[in-house]
Amino acid sequence: MTSAATWTSFIKSIASYNGDLSSLTAPPFILSPTSLVEYSQYWSEHVDLLLEPNFIKKIDNEPIELTRMIAVTKWFISTLKSQYCSRNETLGGEKKPLNPFLGEIFVGKWDDNSINKNLGETILISEQVSHHPPITAYAVENKLNNTILEGYNGVRASMSSTALNVKQFGHALLEFRNLNENYLITLPPLHIEGILAFSPFVELEQKSIIQSSAGYYTIIEYTGRGYFSGKKNSFKARIFKNFNDSKKKENALYTISGQWSEKSTISKGSSTPSSSKDEIFFDALNNKPQHLTVKSIDDQHPLESRKAWLNVANAIRIGDYDLIHSEKSKLENNQRDLRKIEEKNNSKWSRRWFDEIDYSKFNNNDNSLENDIFINLSKLAHLSIKNVASGVDDSSSKNDDVDTMLHWRFVPENFDNETEIKI
Ligand code: 0T9
């Protein structure tokens, strides 16, 4: 088949889309040789900004917790280009990632590249904790600075006439243990545009929220091309003293605006900063991401993503559709066999470094979750703790038909006792 013909059948498969992303039969040139379990690395490609709050000194009369919230907001904005544009840069467009198998893992580390700070080593561990629906859990850990970012994510997608609309589930928790300060971060909805024009790209929608345990509350609103600013990847972020203050935009302590994939500026108060007069907040064009280092494939465990998918990835790189198909089938059949054996033995696949926590225990007066940072931060931000889309508030009527409160959490002991997987 010609590219155009396979593209047409792809568009047709999208038109009859049933919500299961793995069922999309995509032509080879839209396939990425990278598994979704790798995408967790995008959280930490500006590791200096991630760790920055540990190094902040109090300035003038500004509460130090506010200065740290500004730093966390800057780090978060810096992650977006890696998260949502990097395939365009390395592969020439958004591509369909490999759908990770249950138990697939991806690990790596960032060395300390800074000149004047002692950042120490930062590691990433990422694990596919569910296959149906696909859910990836991850932790980014820096022992020297006692800092942990952990989270999980999954998506639910639906097709409209021109775009694939994607809701994210899950959240991230950022803990600065030396500072006794934590942050909850929600994941924005997005859509994939440009499918009919052969060049898919992500556009973010609505908002992300960052809630600090010190009360500070940042709301980041996304707009894209064609909206009022007209520029792609535009955002406006407002930092408030707390959730209640956020009801009136005039209460903003700081306002940041610009393009997260390019430049943004910050100004005090609630007026929109001017790109010519105000201070640069983050310049994505002059702050290149620091990629993590990963062991060579020879040194990897069979569950490690690049090793497990090697043959499929190579087939994608040479664009051999039959080979992609046969290599993929091998892997998928293996997985089916594993599930059958588990069913027969009445056992289940044991997750390596993460565990699903049932937060409904909290409502049933189980005090093991008394000081849980997710519950405390969700309360401050008036966010639901149910399994609703990320960022949905606790009063939304959408919550009524959802009664599970299951969230994936990092189990540090499991990782400390890990003997098979080396970073
Ligand atoms: C978590 C991120 C997520 C994963 C990806 C929607 C998407 C899978 C999920 C949400 C990361 O932290 C951030 C970035 C990009 C998201 C992906 C973009 C995308 O297109 C895929 C979906 C599954 C597809 O591949 C659909 C096919 C597409 C190429 C249409 C032509």
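Throughout what follows, the structure given in this document is the object of discussion. (Residues numbered from 1 in each chain as written. Predicted model: local features only at pLDDT ≥ 70, side-chain atom pairs only at ≥ 80, totals over all residues. Heavy atoms only, no water.)

1. A short note on the packing of aromatic side chains
Part 1 of the reasoning: Taken as a whole and assessed by the stated rule, the structure comprises twelve aromatic pairs.
Part 2 of the reasoning: Ring geometry for tyrosine 217 and phenylalanine 243: centres 5.5 Å apart, planes at 85°, overall edge-to-face. Of this pair, tyrosine 217 sits in strand E12 (residues 217-223) while phenylalanine 243 sits in the loop between strand E13 (234-240) and strand E14 (254-259), and the two are 26 residues apart along the sequence. Summarising the burial analysis for this pair, tyrosine 217 and phenylalanine 243 share the class buried.
Part 3 of the reasoning: Connected via pairs of aromatic rings, a cluster forms that spans Trp43, Trp75, Phe76 and Tyr138.
Part 4 of the reasoning: Taking the ring centre of phenylalanine 281 as reference, the NZ or CZ of lysine 74 above it sits at 5.6 Å. (Phe/Tyr/Trp six-rings, centres within 6.5 Å; stacked < 30°, edge-to-face > 60°. Helix = DSSP H or I, 4+ residues; strand = E, 2+ residues; numbered from the N terminus. Buried < 20%, exposed > 50% of the residue type's maximum accessible area, 1.4 Å probe, protein only. Lys NZ or Arg CZ within 6 Å of the ring centre and 35° of its normal.)

2. Digging into the site of the ligand
Part 1 of the reasoning: Around the ligand, the surrounding shell holds 17 residues, and the nearest of these are Gln83, Arg87, Lys96, Pro97 and Ile192.
Part 2 of the reasoning: In the environment of the ligand, an oxygen atom lies 2.6 Å from a nitrogen or oxygen atom belonging to the side chain of glutamine 83.
Part 3 of the reasoning: Contact with the protein chains removes 97% of the 620 Å² of surface that the ligand exposes when unbound.
Part 4 of the reasoning: Mapped by element, the contributors of at least two residues to the shell around the ligand are helix H3 (64-91), strand E2 (96-98), strand E6 (147-159) and strand E7 (164-176).
Part 5 of the reasoning: Residue composition of the shell around the ligand, grouped by class: ten nonpolar, three polar and four charged. (Near = heavy atom within 4 Å. Polar contact = N/O pair within 3.5 Å; in protein donor to acceptor, adjacent residues only side chain to side chain. Areas by Shrake-Rupley, 256 points an atom, 1.4 Å probe, with all protein chains shown as cover. Nonpolar A, V, L, I, M, F, W, Y, C, P; charged D, E, K, R; others polar.)

3. Observations concerning helix H6 (residues 321-344)
Part 1 of the reasoning: Between its terminal C-alpha atoms H6 stretches 34 Å, which fits the 34 Å expected from 24 residues at 1.5 Å a residue.
Part 2 of the reasoning: Within the span of H6, buried status applies to Ile324, Glu327, Leu331, Gln335 and Glu342.
Part 3 of the reasoning: Next to the buried residues of H6 lie strand E1 (31-35), helix H4 (305-308) and helix H5 (310-318).
Part 4 of the reasoning: With its phi angle positive at about 55°, asparagine 346 sits one or two positions after the end of H6. (Expected span 1.5 Å × (residues − 1). Contact = heavy atoms within 4.5 Å.)

4. What to know about the environment of glycine 269
Part 1 of the reasoning: Counting through the fold element by element, glycine 269 comes out in the loop between strand E15 (263-268) and strand E16 (279-283).
Part 2 of the reasoning: Distance in space between the C-alpha atoms of glycine 269 and isoleucine 256 is 9.8 Å, their sequence separation being 13 residues.
Part 3 of the reasoning: Those residues within four positions of glycine 269 in sequence are excluded, and the remaining contacts are Ala252, Leu253, Tyr254 and Thr255.

5. Details of the pairing of E1
Side-chain positions along a regular strand alternate between the two faces of the sheet.
Part 1 of the reasoning: When you tally the buried positions in E1, you get four out of five residues, the bulk of the element.
Part 2 of the reasoning: As defined by bridge partners, E1 adjoins E2 across two bridges and the pair is classed as parallel. Across the sheet, residue leucine 31 finds its bridge partner in E2, namely lysine 96. (Pairing = 2+ DSSP bridges.)

6. Some details on the pattern of salt bridges
Part 1 of the reasoning: For the structure on display, the rule yields 16 salt bridges.
Part 2 of the reasoning: With a closest N to O distance of 2.8 Å, arginine 68 and glutamate 181 form a salt bridge. Residue arginine 68 is found in helix H3, and its partner glutamate 181 is found in strand E8 (residues 181-186); the two are separated by 113 residues along the sequence. You'll find arginine 68 and glutamate 181 in the same group, each marked buried.
Part 3 of the reasoning: For the salt bridge of glutamate 420 with arginine 352, the shortest nitrogen-to-oxygen distance reads 2.8 Å. Placement of glutamate 420 in the segment after helix H9 (412-416) and of arginine 352 in the loop between H6 and strand E17 (354-358) is noted, with a sequence separation of 68 residues between them. (Salt bridge = Lys/Arg side-chain N within 4 Å of Asp/Glu carboxyl O.)

7. A few points about the environment of glutamate 418
Part 1 of the reasoning: Its place among the elements puts glutamate 418 in the segment after H9.
Part 2 of the reasoning: A C-alpha to C-alpha distance of 8.6 Å links glutamate 418 and arginine 352, two positions 66 residues apart in sequence.
Part 3 of the reasoning: With residues up to four places along the chain from it excluded, the contact list for glutamate 418 reads Arg352 and Trp353.
Part 4 of the reasoning: A polar side-chain atom of glutamate 418 sits 2.9 Å from a polar atom in the side chain of arginine 352.

8. Some remarks on unusual backbone geometry
Part 1 of the reasoning: In this structure, the amide linkage connecting histidine 132 to the following residue, proline 133, adopts the cis form with an omega of -5°.
Part 2 of the reasoning: Following the sequence through the fold, proline 133 ends up in the loop between strand E4 (122-130) and strand E5 (135-142).
Part 3 of the reasoning: Positioned with a positive phi, asparagine 146 is a non-glycine residue whose angle comes to about 50°.
Part 4 of the reasoning: As for its position among the elements, asparagine 146 is in the loop between E5 and E6.

9. Notes on the nonpolar core
Part 1 of the reasoning: Of all hydrophobic cores here, the largest spans 85 residues; its most connected members are Trp75 and Phe76.
Part 2 of the reasoning: Sort the elements by how many residues they give to this core and H3 lands first, with ten residues.
Part 3 of the reasoning: When residues no more than four places from it in sequence are discounted, the contact partners of phenylalanine 76 are Trp43, Ile185, Ser208, Ile210, Ile220 and Tyr222.
Part 4 of the reasoning: The next biggest cluster of nonpolar side chains, apart from the first, holds 18 residues, and it includes Leu184, Ile209, Tyr217 and Leu383. (Core = buried A, V, L, I, M, F, W, Y, C linked by side-chain atoms within 4.5 Å.)

10. What to know about the pairing of strand E11 (residues 207-212)
Part 1 of the reasoning: Of all six residues in E11, five are buried; the element is thus mostly enclosed.
Part 2 of the reasoning: Two strands pair when backbone bridges link them, and E8 and E11 are joined in this way by three bridges, in the antiparallel orientation. Residue pairing across strands places isoleucine 185 opposite isoleucine 210, the latter belonging to E11.
Part 3 of the reasoning: The pairing of E11 with E12 spans five bridges and is classified as antiparallel. Bridging across to E12, glutamine 211 finds its partner in tyrosine 217.

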